[in-house]
Structures are given as structure tokens and as C-alpha cells.
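What follows is each chain in one-letter form.
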Amino acid sequence: MLLRSFPEENFVVTLHPKWLALRSTEIHRCFSRNPNEYHAFLHLPHVMRVGQVVRLANMLRLRRFIEYDKAKALSHLLGMQPDTAEVNFETFESLGWLTIHRKHGEPNILEEHIPLLENTIEKIGELTMDPEPEVPTIKPLSAIETASVNALDFCARRPCTEEALRSELGLGDPEFNLIESLGRAGKYLEKMPLKQKSAFLSPIYYFNQYDEIKQFMQRQTVETLAPLGKTLEHCAEYVGQPLQMLEPSEQKIAISGIRTGWLIPVTTNTQFGGVTKDFTFLFPPLSKFQDSHPGGDVFEKAKVLLSSFRLGENFAPTTKIRDPVAVIRKLRRVGRLSKPHSDAFDQYKLPASKGILLLKKETGKTFYTGEEYTGYTPVLIKSEENMKVLDTVESLLERSTEIATKTLENDLKVANEVLKNTSVCLESLEFRGSNWISRFPKEPTLERRAAELALVVCGGAYE
Amino acid sequence: MSYSGVDDKDLGLKLRMMNYFWKIGNFPRPSIPLYRYRKGKRTSKLFTDIDVLAIQFLPLSEPLVIVCSAKSGKESDPAQLFWLAGVMNYFGASKGYYVRTKASIESIRQLSKKLNIVSLNEDQFKILESNVDIESSDIPFMFTKDCYKKTNDFFNKVKNIKRPIYNYLTERYWINPPNYRLMRTYSCAQDLARLNLPNDCRLFMRYYCASLFSVPLVHLMNLMISTPDNLMKERLETELMGGEIAQVEKTKILHSVKLLMKDFARYMNAIKSVPSRFFDFSNLLKIEYLDDLLDLILRFKQRFKEAVFVPQILDVIAFEVILRRESPSFDTIFGHLPKLTRVQKNNAAKLSKDVLVFFERNRIFKRKEIESILKILPEM
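Residues numbered from 1 in each chain as written. Chains lettered and ligands numbered in written order. Predicted model: local features only at pLDDT ≥ 70, side-chain atom pairs only at ≥ 80, totals over all residues. Heavy atoms only, no water.

J.: Which parts of the structure should I look at to understand the overall build of chain A?
T.: Within chain A, the regular secondary structure consists of 19 helices and 12 strands. Taking as baseline every contact in chain A between residues at least 6 positions apart, the subset at least 24 positions apart corresponds to 72%. Split by element, the accessible area of chain A, about 19100 Å² in all, is 50% carbon and sulfur. (Helix = DSSP H or I, 4+ residues; strand = E, 2+ residues; numbered from the N terminus. Contact = heavy atoms within 4.5 Å. Areas by Shrake-Rupley, 256 points an atom, 1.4 Å probe, with all protein chains shown as cover.)

So, in C-alpha cells, the structure goes:
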């Protein structure tokens, strides 16, 4: 596969527009909570723009009408400055994805017409390859950006030696070193020793590979890999296993898996009873998640939602969720969890920013006095993507043996509390790129073994 | 519907019937001819024609069709009732209207009832009109002779340049199944965008096509309402093919052609030099706008109760805004529709805009041609 793309030398990018945009989105996600974000904005500005735009489109889709200020607040949750958000809205208007209704000349309401996510990704990818004058904010990628995207795409499909990567990218030393340092900063390209050479691997390689890894483990007699296999299986039996609830020895193995990539983490920062705590949930790279695919769960919504349920099942302070399946079914059937809250809009940051729920202004009545009040109700955005996410999450949850009706009211309340009080949720790529991963202790031996796993599963690096 | 017969002495009566059907929530069209077809091609022989055809859309249900014969004469011939019953059967209509303004229809009352036809004379029709608050001084532009004549002019312009489009929109559309209606109306709209017509005519005709396009769209939505979202794409492809059996048949035919061509290439000793993509006909079954259509149907499905008003809304836009050259406003559009709640209006308006955006996305409209409609903000 040709990976060269230097507009000044008239080489042609052969990456399909969908994959170009998807990889750009993944790089953006790696840098979105990253202290080295400025590196990305300096050297990969258009890649970051692509990632932002795709993320914003995914969040706004099927919201129908959004007040402009609220849309800017939602964009801020995605890490956009207000002026960047305004530019992005105007970009969407040029694409026909938004109508900006103005009042006295100022933007007032956004009306969305955003297409399916896969088509959004493809269109943005096409614009980077073939810019339109009507959409001046989406520009072609520079040589370094194209090489970074191609390097990620290459290493996400299989590990490859440094020599092979250099050859494929066709870069000089300074440029290659820059690609390498960007990949290291964003943690989407990892370098590892390989006999007398070095190889590059992306943690994205592991996505959707659970069956292959499991089959490989089952054939092994090597003692060093057995603990990894056991931990992986444990996480597959209880998908969304909280890291905190593992035995200390198994935690070390899990952390090595997180660092290497064969265990996928989602971390939430939740406030319960005035105390804020981090919780990390572990996911095996199951193919049903459809990660890292233009038509799949690009933003890991299934894992985010499942983490919320695991949080409610295991860590809610007073009562815990007993029957998460019933909660999912209620959400799918009715589209909401609770009555209106008079609390502020920003209490549902997590699901709002992920495009799972929107907040609908409604009137409710207080229980005891029957007084009317105006509040916000979290309502499910019934996009085809979210419905697929609910199906995936339901298939991974276990039905309680208790009669569902007994616990449903309580479970809904707990689920609602979790979503209300979780302000931050880091998907796996965001987590890997953030400072949070540095809080975990390092286990070089285990990490090396885990990295070698990738080489053995795919039969060696591309040379 | 041909919008022909501009000088017909019964035109006024037809327009009154259309207005009445509109008021009770139907989507009416005048003067639909039925031609004889031979080996799939239309001949010049006219079987008959229908004065007014109306469709009523209901959520979660097949659309109800009404056919109407409206004349200002004295005749009330029972034979005509049987003719009307035959036409009802041909269109799968649930009801017929037989209007003879100067006739005494007492003698045919029992027969009408048996054939599920409503027989009316002038006095009885006036009673119906007053029941739905129709006043002769307050008739929407779209049911006036002026509008009818303008529409007729535009249709004649299209007829002079591209007769197949004219024939399809005026006649064949009404006898096609929903999948063909959808795809062929789309093709007509695409072709109209490129025809050398006056700007106002080209713009009106495309909006008219958008309105006709929404009729089978609502029908398809009702067929697929219970389909899980993850299976919608597959189901939509099947419905557009005409159903599972038709899809399988078409796939088999293409597969047979592919095998035949490979055999031929082998015979000519050319199999190795011919790239395999020349034998891949799967693109022939591919609908280029399928993803956008899927997005549209998903949006319709989410608001299926209000989706049934979309054909009427687009009709109002085509006639009252575009043809009449009025500036569009929420009141202009919804003033002509049966009473809806605020939420229903908002949802229906949004869906109508989504149809226009679908056309714009597929380059049938330019942005500026629909901008004034998109800028209408509903009552929030």
C-alpha cells in the first residue's frame, strides 16, 4: 500500500477518504486530554480540525433544534473554544448540515440536518482531499499530517519495523523523527524493541481482535503469557470490569494491558455525595464494539454507557443498580430515565457531550405539593448509532435473577444519578493520551510481554 | 394529474372537490388519465380519466385512496356508478365520490351505498362544505382557476421539452407501486434540474416533485415502522427493489449475465486480460442516494405521527409559496392545513425541510433555492 502523500511533489494519497477522516479523528481523540496538545495544534492543525468537526457532528446529529448558546456550551465540553465552535458551526452551514437561525442579526437557534456518521466522515475526508471553496475551513493535510495519518493507519493494521515504515512513508530523518515524536506524545504509535531492530505498533491494532487473541492464548503453553490470557478472559466474562475491584496481582497485569492496548479502558470522574473519584473500567477488544471503523462505534459510546452502568452496579453510594438490562430496555422503549430536574443544564455533561442524551425543557410537578416547576429531562437521542449502542450494551449485561419490576424504579434513579454526576469520561484513546495513565504504576516486564503478544498474534512485524 | 382541461366547464367543481378533500386532511390531485399500455409502453388510447383523486395518510397504516367523478350535468346514470366502482377497484380506493350538481340522486342512493360511493348533488355538497367551514370567499390560491392555469402552463412547457417526464408525473406515477414512484420521481426531479426551462418553471416543478416524492416516502415509512434501526438499510434496499422475491430475481439475473460474460471471455481466450471489475454488476443494483434516503426515513420514523402531514406541507410550499411567489412564513404554510398542535407543526415542518435538504444534498436543488424555506423558524 502506497503511503506517500506530499502535495508539493504531486504524490496521491491512496487512503480512502473515510479512513483518512477516521484516522484523523483518532489522532484528535488521542490529543484531546493530552498535556502535549499544543504539539498537535502546531504540527497537525488540519488533522485536529477534522477530528473536531467529526466529533461535533456526531454530538449534534438528531438534536433537531439547539439553542446557540447551548450548542456552544456542548462544544466546550468537547474542548472547543467559543470562537472555534462558531467557525465549526459556519462550516456546517456551508455544508448544508446546519441552518443557523438569526435574531436581530445574531445566531439564535441551530437546526441540524447532519447525515449519517459514516457519510459525515466520508464527506470530511473528501473535502481534505478535494477542498471546496464554499468550505474554506477544511483544508488539505500537509505532508507531515498525511504522513502521521498514514503511519497510524499502517501501524493500526499490523506492527511494522522502523525500516519498513520509513520506506513506506518516504520521509527524511527530521520528518520521520517528528512523526515518531507526535505518535509518542499522543500515544498512538508505540515503539518496541524487536530482535536487533525496532518496530512500531499502534494500540488501535488490538481493537476488534479479541477472538484472535483468545484463540492464540488458548494454544499457548508459555507461562509468561498465561496470566495475560487469564486476565483477558476475566474481563470478557464481566465486560466493563472495574479495575479497582481486581486483585492487586491481576491489577498489575491489567495495567500492562491498558498501557499496551489489549485491554481497553474507560475512565470516569464521578461525584457521589460530595466526593469526586476516578473509576476505570476494562473492556476486552470484542468485535461487537465495532471500534475503529467508519461505520462502527467511532466514539466508543457503548463502552461509555456500559461504564456508567458498571459504576451504578458497583460504586453507587446508597443503592446499587440490580438489573441494568431493565434500565436499558426502559431507555430504549421510553427514551428517558427520569422526571424533569430543576437543576442546571450542566449536570448531564457526560451523555450530552457524547451525543447520547439531550436535555429537554419540560414542566414537572413536585411530589408532595403538586407545584409546577420547569426543569430539564434527559431524553435519549434515538439515532441509529445510539440504538445500536443500546443493543450492544444489552447483549453484554446480565439479567438479574430478581424480578425486574421490584428494582426498576430504584435502578432508574441510580442510573440517572450516575449520568448526572459524571462530569468527565475518558474513552480509551483519550485516556491513553492523557496524564491519567501516568498515575498507574509501570511494569516494564509485563508490558514488554504484552507488546510481544501483538507480534506473535499477527505472525510478526511487517518488514 | 395533467392539469389539463383548463376550459372545462366542470373545472370549478373539481377545484371545489379538491378544496374539500384538502380540508378533511387529504392530498388531492385533478384530472388523472388512464391510458392503455402495451408491452410496457403507453399507447395513445385513453381508457378513462378520473376527475379528482385524493390520498389520506394515516400513521401506521396503508394510505387511503378516494376517487371522485364530478360533473355539473343532470345525469345520474347507474352505469356510471358501476364504472366508478371499477375505477375504485383499479386504484384500490376505499371510497368513491359521485357528484352530479343538477341531478336527483335519490334513485341511485341504495346502489351508491352498496358500492361504497358517496353520491352528492349541489345542495348536499354545500352542506358538506359548510361542515368543514369552507367559504367561497376564502379559497386557498392552490384551488383557484388562476393557479390551475399557471400549473397547466408549466406542465405544458415540460411536455414540450421532455414528454416522458410529463407523462410520468401526470399519469404513470399514480399506477406505479411505491418503490417505483419514489425512484422515478427522484429521477424526474434530477432531470428537471438540468432541463432548459424558465427558472420559475424549473423551480416549481422540482418542488412539485418533492411533494410527490413524499407520498411514497410516507408509505415506505409505514411499511418499515417496526423494523429495528440496525436492519433498516437492508430492509430499505429490499423495499426499493420491490420486495424480497423481486430482489432475488434481479440478483439472479445479474449473476447469470456475469457468468455468461465470463464464459464468453474464456471462449475468446481473454479471461486473464479482462479486469475482474468488468464482471461486477453489483453497482447496477446500487442506489447512489440510499444512505441519504435512509437518514431521511429514520428521521420520518422518529416522528411518524407528524410525517403524514409532509406531503401536504410540501404541496403548500410548491403552490402557495413558489408558484404564487409569496414570501414563506410559518403562518402561510400552516394556515392552509387542518388544525395541528404546536408540537405537530414543529415536527412536520422539520421533516418537510429534511426532504428539501435531501434533494439539495443530491444536487437537485441549489442551497439558495431552498434557503428561504429552511430559514422559516417554527414556534419554539
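Next, the rest of the story.
J.: Just to check I follow, could you spell out the layout of surface pockets for this structure?
T.: It is the rolling of a water-molecule-sized probe over the atoms that shows where space remains empty. Here the largest pocket defines a volume of roughly 1600 Å³. If you go around the largest pocket, you meet 46 residues; those closest to its centre are Pro115(A), Leu116(A), Asn119(A), Asp291(B) and Asp292(B). Among the secondary structure elements, those contributing two or more residues to the lining of the largest pocket are helix H5 (82–95), helix H6 (117–129) and helix H16 (384–396) of chain A together with helix H9 (232–241), helix H11 (290–302) and helix H15 (342–361) of chain B. Top element by residues in the lining of the largest pocket is H6(A). It accounts for six residues. When grouped by side-chain class, the residues that make up the lining of the largest pocket number 14 nonpolar, eight polar and 24 charged. By volume, the second largest pocket is sized at about 1200 Å³. Lining the second largest pocket are 32 residues; nearest its centre among them are Arg64(A), Leu358(A), Lys360(A), Lys361(A) and Arg303(B). Listed by contribution, the elements that provide at least two residues to the lining of the second largest pocket are strand E1 (65–67), helix H4 (68–77), strand E10 (357–365) and strand E11 (372–380) of chain A together with H15 of chain B. Of the residues contributing to the lining of the second largest pocket, the split by class is 16 nonpolar, four polar and 12 charged. (1 Å grid on protein atoms, 1.4 Å probe; cavity = no way out; pocket = protein on both sides within 12 Å on 5 of 7 lines; lining within 4 Å. Points joined across faces, edges and corners; volume = space filled by probe spheres on them. Nonpolar A, V, L, I, M, F, W, Y, C, P; charged D, E, K, R; others polar.)

J.: Where do I start with the pattern of salt bridges in this structure?
T.: One side chain can pair with another of opposite charge once the charged atoms of both are near each other. Inspection of the entire model under this criterion finds 49 salt bridges over all chains. Between Lys123(A) and Glu132(A) there is a salt bridge whose closest N-O contact spans 3.2 Å. For Glu132(A), a relative accessible area of 27% puts it in the partly exposed group. Where Lys14(B) meets Asp8(B), a salt bridge forms, and the shortest distance between an N and an O atom there is 3.5 Å. Taking relative accessible area as the criterion, Lys14(B) reaches 5% and is therefore assigned buried. (Salt bridge = Lys/Arg side-chain N within 4 Å of Asp/Glu carboxyl O. Buried < 20%, exposed > 50% of the residue type's maximum accessible area, 1.4 Å probe, protein only.)

J.: Quick question: what am I supposed to make of the interface of chain B and chain A here?
T.: Interface size is commonly expressed as the accessible area that is lost once the parts come together. Contacts between chain B and chain A engage 25 residues on the former and 25 residues on the latter. Together chain B and chain A conceal approximately 2000 Å² of surface at their shared face, both sides included; 50% is due to carbon and sulfur atoms. Together, Arg299(B), Gln302(B) and Lys350(B) form the three largest contributors to the area buried by chain B at its contact with chain A, with a combined 25%. Our count for the contact surface shared by chain B and chain A stands at four salt bridges. Across the salt bridge formed by Asp295(B) and Arg61(A), the nearest N and O atoms sit 2.7 Å from each other. Where chain B touches chain A, the interface holds 11 residue pairs in polar contact (both at pLDDT 80 or more). Only H11, H15 and helix H16 (367–374) of chain B provide two or more residues apiece to the side of chain B that touches chain A. In terms of residue count, the dominant contributor to the side of chain B that touches chain A is H15(B) (eight residues). Residues that form the side of chain B that touches chain A fall into these classes: eight nonpolar, four polar and 13 charged. (Buried area = accessible area lost by both parts, 1.4 Å probe. Polar contact = N/O pair within 3.5 Å; in protein donor to acceptor, adjacent residues only side chain to side chain.)

J.: Just to check I follow, could you spell out a positive patch on the surface for this structure?
T.: A contiguous patch of positive charge, built from Arg36(B), Arg38(B), Lys39(B) and Lys45(B), is present on the exposed surface. Among the secondary structure elements, Lys45(B) is positioned in strand E2 (residues 41–56). (Patch = residues over 30% accessible without salt bridge, like charges linked within 9 Å, V, L, I, M, F, W, Y side chains within 5 Å. Lys, Arg positive; Asp, Glu negative; His and termini not counted. Charge placed at Lys NZ, Arg CZ, Asp CG, Glu CD.)

J.: What should I look at first to understand helix H5 (residues 145–161) of chain B in this one?
T.: Owing to its 3.6 residues per turn, the α-helix aligns residues three or four sequence positions apart on the same side. Residue and element names in this part refer to chain B. Spanning 17 residues, H5 covers 25 Å between terminal C-alpha atoms, matching the ideal 24 Å at 1.5 Å per step. Looking at H5, one finds that the buried residues are Cys 147, Tyr 148, Thr 151, Asn 152, Phe 154, Phe 155 and Val 158. Each buried residue of H5 sits inside an arc of 165° when the element is viewed along its axis, so together they form one side. In this structure, the buried residues of H5 make contact with helix H1 (11–23), strand E1 (26–38), helix H6 (163–170), helix H7 (178–194), helix H8 (199–223) and helix H13 (310–323). (Expected span 1.5 Å × (residues − 1). Arc of directions from axis to C-beta.)

J.: Help me out: how do you make sense of empty space enclosed by the protein in this one?
T.: Residue and element names in this part refer to chain A. In this structure the tally under the stated criterion is eight cavities of 30 Å³ or more. By volume, the largest cavity is sized at about 90 Å³. Lining the largest cavity are Lys 288, Phe 289, Gln 290, Gly 296, Asp 297, Ala 302, Glu 385, Lys 388, Val 389 and Thr 392. Of the residues forming the lining of the largest cavity, the biggest block, four residues, is contributed by H16. Residues of the lining of the largest cavity, tallied by class, amount to three nonpolar, three polar and four charged.

J.: Looking at this structure, I do not really get H16(B). What am I missing?
T.: Here H16(B) has its buried residues at Arg367(B), Glu369(B), Ile370(B), Ile373(B) and Leu374(B). Axial view of H16(B): buried residues confined to an arc of 150°, hence all on one face.

J.: How do you make sense of the packing of helix H1 (residues 17–31) of chain A against helix H7 (residues 143–157) of chain A when you look at a structure like this?
T.: Angle between the axes and distance between the axes: these two values describe a pair of packed helices. All names here are of chain A. At a closest axis distance of 9 Å, the pairing of H1 and H7 adopts a crossing angle of 90°. Judged on the interaxial angle alone, H7 and H1 are roughly perpendicular. Seen from H1, the contacting residues are Trp 19, Leu 20, Arg 23, Ser 24, Glu 26 and Ile 27; seen from H7, they are Ser 148, Val 149, Leu 152, Asp 153, Ala 156 and Arg 157. Looking at the contact of H1 with H7 residue by residue, the classes come out as six nonpolar, two polar and four charged. (Axes fitted to C-alpha atoms, helices over the stretch in contact; angles between N-to-C directions. Parallel < 35°, antiparallel > 145°, perpendicular 65-115°, else oblique.)

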